[in-house]
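Each chain, letter by letter, is given below.
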Amino acid sequence: MKLFSVLGLTAVLATGLSCAAHADQLADIKARGKLICGTLGTSEPFSFQHPQTREIVGYDVDICKKVADAVGVPLELKTIAVEARIPELLQGRVDILAANLGYTPERAQQIDFSYSYFVSQQKLLTTKEVGITTAEGLAGKKITAIKGSSSEQGVRRLIPTAETVTFQDTSSAFLALAQDKVDAFCASELILVKLAKQSKVPMVVIEKSLFVEPWGLGLRKGEAAFKTLVNETLAKAAGSGELDKTFSKWFGPGTAFDIKRDYKIEEIKG
């Protein structure tokens, strides 16, 4: 009986030490005194360098600022590449991702997603000279996308006969299309619409979406307190109308997009 008691006490102590060793992320952020948000910095209007101030600004930045304010700490931005998003989060170099992060079942096995804060229509941009008006017309053609993005995954999954050509950033992918090195560019409709308007080469966005993708803030798994705070922050901003103001600032009247938010802030269901 004494041996059993000693072993039982040892197990209890070990469990307690294990729990203590796993610090709560929300408490860690508060103790550190800042929230580190990973963002792209190259994807207007989500996160990009302001031409005058050179600061990183955008919709994703404002969303992360709301989370930092809810925690009660300043926001620190860290710009990261698309393919580095999840590794940076898992390795603890950033606390949260606001980086055009579309939900996929594969990603959801690695990280948690917040409520959706944006829903992206993933479409295809082609030159008018190519004359292709449907995704089916791109079978066997060259399609570009950002390396490591869900756009790349979508092209490989939905147009398997196409040759997928990837680049590190939007500018490089768009240039490849403008120079006729590829036949189409897959990305969020908002990005493509603006590129088409600015292009000197006549371009057209194929009307039918290749797929629809909810975007969430990326979070490490097992951090229930932090995830709850993030989701409550998004829900509160939506309920108060604050989120609509932020959305309108970047996508509404007077911008290159002129659209209204037509989706709910809700749990992403895979």
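Summarised in this report is the structure supplied together with it. All values derive from a computational prediction rather than experimental measurement.

Conventions adopted
- Along every chain, residues carry numbers that run from 1 in the direction the sequence is written.
- Note on the predicted model: pLDDT of at least 70 is required for a residue's local features to be given, and 80 or more for side-chain atom pairs to be given and counted; whole-chain, interface and lining totals, by contrast, use all residues.
- Processing note: side-chain calculations cover all non-hydrogen atoms of the structure and skip hydrogens and water entirely.
- A pair of sulfur atoms, both from cysteines and within 2.5 Å, is called a disulfide here.
- Each helix is a run of H or I in the DSSP string that is no shorter than four residues. Each strand is a run of E no shorter than two, and both are numbered from the N terminus.
- When a residue's accessible area, from a 1.4 Å probe over protein chains only, is under 20% of the maximum for its type it is buried; when over 50% it is exposed; and in between it is partly exposed.
- For two strands to pair, DSSP has to find at least two bridges joining them.
- Here a crossover is taken to be right-handed if, once the strands point away from the viewer, the path from the first strand over the helix to the second is traced clockwise.

Applying the stated criterion across every chain, the model contains one disulfide. The side chain of Cys37 participates in a disulfide bridge whose partner is Cys64; the two sulfur atoms lie 2.2 Å from each other. In this structure, the disulfide formed by Cys37 and Cys64 twists by about 90° around the S-S bond and is classed as right-handed. Separated by 27 residues along the polypeptide, Cys37 in strand S1 (residues 35-39) and Cys64 in helix H3 (residues 59-71) bring together distant segments of the chain. Each member of the pair, Cys37 together with Cys64, is buried.

So, on to the environment of Val130. Inspection of the secondary structure puts Val130 in the loop between strand S7 (112-127) and strand S8 (142-146). For Val130, a relative accessible area of 30% translates into the label partly exposed. C-alpha of Val130 to C-alpha of Asp180: the two residues are 50 residues apart in sequence and 9.0 Å apart in space.

Of note, the bond from Glu44 into Pro45 is cis; its omega dihedral lies within 30 degrees of zero at 10°. Structurally, Pro45 can be placed in the loop between strand S2 (42-43) and strand S3 (47-49). Not every positive phi belongs to a glycine, and Asn100 is a case in point at roughly 50°. Within the secondary structure, Asn100 sits in the loop between strand S6 (96-97) and helix H5 (105-110). A relative accessible area of 11% places Asn100 in the buried class. The phi dihedral of Asp258 falls on the positive side, at around 50°, and the residue is not glycine. Here Asp258 lies in the segment after helix H10 (242-251). Overall, the relative accessible area of 52% leaves Asp258 in the exposed class.

Next up on the list: the pairing of S8. The element S8 is largely enclosed, with a buried count of four among its five residues. By the bridge criterion, five bridges tie S8 to strand S9 (residues 163-167) in an arrangement that is parallel. The residue of S9 that forms the bridge with Ile143 is Thr164. Crossover connection from S8 via helix H6 (residues 150-158) to parallel S9: handedness right-handed. One ladder, built from two bridges, connects S8 with strand S10 (residues 184-188); its direction is parallel. Pairing of Thr144 across the sheet is with Phe185, part of S10.

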